[in-house]
Amino acid sequence: MDTAGMSNRQRFELWDFTEEYSLNESTSVVRNNNNGIRMIKKIMDKSLYNTHIALSCVKNENLALIYDCRIINDNCVVLEEFINGETLESIIEKSGGLNEETAAGYMLGICNGLTDLHSNGIIHRDITPSNVMITYDGKIKIIDFDIARIPDMTAAYDTAILGTVGYAAPEQFGFRQTDVRCDIYAAGVLFNYMLTKQLPGESVTQSRYKKIISKCTSIDPENRYLTAKKLKKDICIIAESENRPLKKIIRTIPGFRTKNPLYAFFAIYFYMMALGSQAAFIRMWIKTDILKTIEYTAHFQFLFTLPFIFFTDFMSISEKLPYTRKLNRKKRKIIFAVAGSVSLITGLYLLIYLSVPA
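The model shown is predicted, which means the values in this text are computed figures rather than measured ones. (Residues numbered from 1 in each chain as written. Predicted model: local features only at pLDDT ≥ 70, side-chain atom pairs only at ≥ 80, totals over all residues. Heavy atoms only, no water.)

**Side note on the overall build of the chain**
When its secondary structure is counted, the chain shows 12 helices and 8 strands. The burial tally for the chain puts 42% of its 358 residues in the buried class. Expressed as a percentage of contacts within the chain between residues at least 6 apart in sequence, the contacts between residues at least 24 apart total 59%. (Helix = DSSP H or I, 4+ residues; strand = E, 2+ residues; numbered from the N terminus. Buried < 20%, exposed > 50% of the residue type's maximum accessible area, 1.4 Å probe, protein only. Contact = heavy atoms within 4.5 Å.)

**Quick look at the layout of surface pockets**
What the second largest pocket holds in volume is close to 310 Å³. For the lining of the second largest pocket, the secondary structure elements donating two or more residues are strand 1 (17–24), strand 2 (27–32), strand 3 (38–45) and strand 5 (75–81). The element that contributes the greatest number of residues to the lining of the second largest pocket is strand 1, accounting for 3 residues. Taken together, the residues of the lining of the second largest pocket break down into 8 nonpolar, 5 polar and 5 charged. (1 Å grid on protein atoms, 1.4 Å probe; cavity = no way out; pocket = protein on both sides within 12 Å on 5 of 7 lines; lining within 4 Å. Points joined across faces, edges and corners; volume = space filled by probe spheres on them. Nonpolar A, V, L, I, M, F, W, Y, C, P; charged D, E, K, R; others polar.)

**Focus on the confidence of the model for the chain**
Residue-level pLDDT values for the chain average 83, and 77% of them are 70 or greater. Of all helices and strands in the chain, the one with the weakest mean pLDDT is helix 8 (residues 245–250) (60), whereas strand 8 (residues 140–142) scores best (97). Every residue in residues 154–159 scores below 50 in pLDDT, and together they form 12 contacts with partners more than four places removed in sequence or on other chains. (pLDDT = per-residue confidence, 0-100.)

**A look at the packing of aromatic side chains**
Under the counting rule described, the total for this entry stands at 4 aromatic pairs. Their ring planes at 45° and their centres at 6.3 Å tell us that tryptophan 15 and phenylalanine 17 sit as a pair that is tilted. One exposure class covers both tryptophan 15 and phenylalanine 17, and it is buried. The cationic tip of arginine 38 hangs over the ring face of phenylalanine 82; the distance from NZ or CZ to the ring centre is 5.5 Å. When the ring centre of tyrosine 225 is taken as reference, the NZ or CZ atom of lysine 215 above it lies at 4.4 Å. (Phe/Tyr/Trp six-rings, centres within 6.5 Å; stacked < 30°, edge-to-face > 60°. Lys NZ or Arg CZ within 6 Å of the ring centre and 35° of its normal.)

**So, the pairing of strand 5**
Taken across its 7 residues, strand 5 has 6 buried, putting it largely inside the fold. Here strand 3 pairs with strand 5 via 7 bridges, running antiparallel. Its bridge partner lying in strand 5, lysine 41 is registered against leucine 79. (Pairing = 2+ DSSP bridges.)

**Description of the side chain of histidine 124**
For histidine 124, the location among the structural elements is in the loop between helix 4 (100–119) and strand 7 (132–135). On the accessibility criterion, histidine 124 (0% relative accessible area) is buried. Here the side chain of histidine 124 touches aspartate 126 through a polar contact of 3.0 Å, landing on its backbone nitrogen. Among the polar contacts made by the side chain of histidine 124, one reaches the main-chain carbonyl oxygen of isoleucine 143 at a distance of 2.9 Å. Contact partners of histidine 124, with chain neighbours within four places excluded, come to Leu117, Asn131, Ile142, Ile143, Asp144, Phe145, Ile147, Ala148 and Asp183. (Polar contact = N/O pair within 3.5 Å; in protein donor to acceptor, adjacent residues only side chain to side chain.)

**Examining the environment of methionine 133**
Looking at the element boundaries, methionine 133 is found in strand 7. Spatially, the C-alpha atoms of methionine 133 and tyrosine 106 are 9.9 Å apart, while their sequence positions differ by 27 residues.

Next comes the structure, spelled out in structure tokens:
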């Protein structure tokens, strides 16, 4: 039911309903008297009116629809889509944890919903198993926008501490202003819970998605995914590689682990140069003594090996070194780019001024 462009009569009919039963003191199930459609009616603080007006304009198959909202008796009254299905919490409780394929499939739906939500300037702030429903025909639906908000980027931190303990990002507890990355954090916690039935603080999954979950749940928001779209892309890469053995092998090779053409170009260049230089060193070894060969080999690492390690962040080495692992992702990238450039310039200098026997 699209409220955009809805006539006054249609809007009146939308609010012509009969209450069926209460879920709690502020939430009830109602049935529209004109078309028989069930809806959820919620009574909230009027400060949530603007957020729910914005939500009513967001149409996504993975988000519960907000049909309309009004200020009535100094409260914000919302009509939300009634979802026929089960909460993810109930499904996990019965199953004891989901397999990788099912969990990844659910995560793709959650990421799809969050992408649209975030692109409309809204953050959910309460992504938990009880706020994600699976319809009886298998669709994912994010529900319960009771603490959703439109971020105020001029504020240093949130004015209210809200969210579910275990799923709420650290910044939701007053440390800084929340943005879309608090939903990324909660999604990572939820992904881990789907696979292990435990929070990351209790046990981290050892599945193929371990690295993704660790990135999502980083304490520092700077080290998390910046968008749900990027998170979805990385989940897709791993999920697709399972069905394509050759592609899976290629995706484990540094430089090809992402679909970035620039990274792939540099990887091919460095691999070719490395093979060519090793062949040259073998030839040199035959013509000269071993010590000279070792010396030349050491010099040439500045031109090939070190730039490759720095520019591709080989095996995520920046997250393992004592100094750089304490820095956020942006600073690590800058340091490694500088180190790679210095190494490459040094290698070029040695190539020009080093006399290599023919």
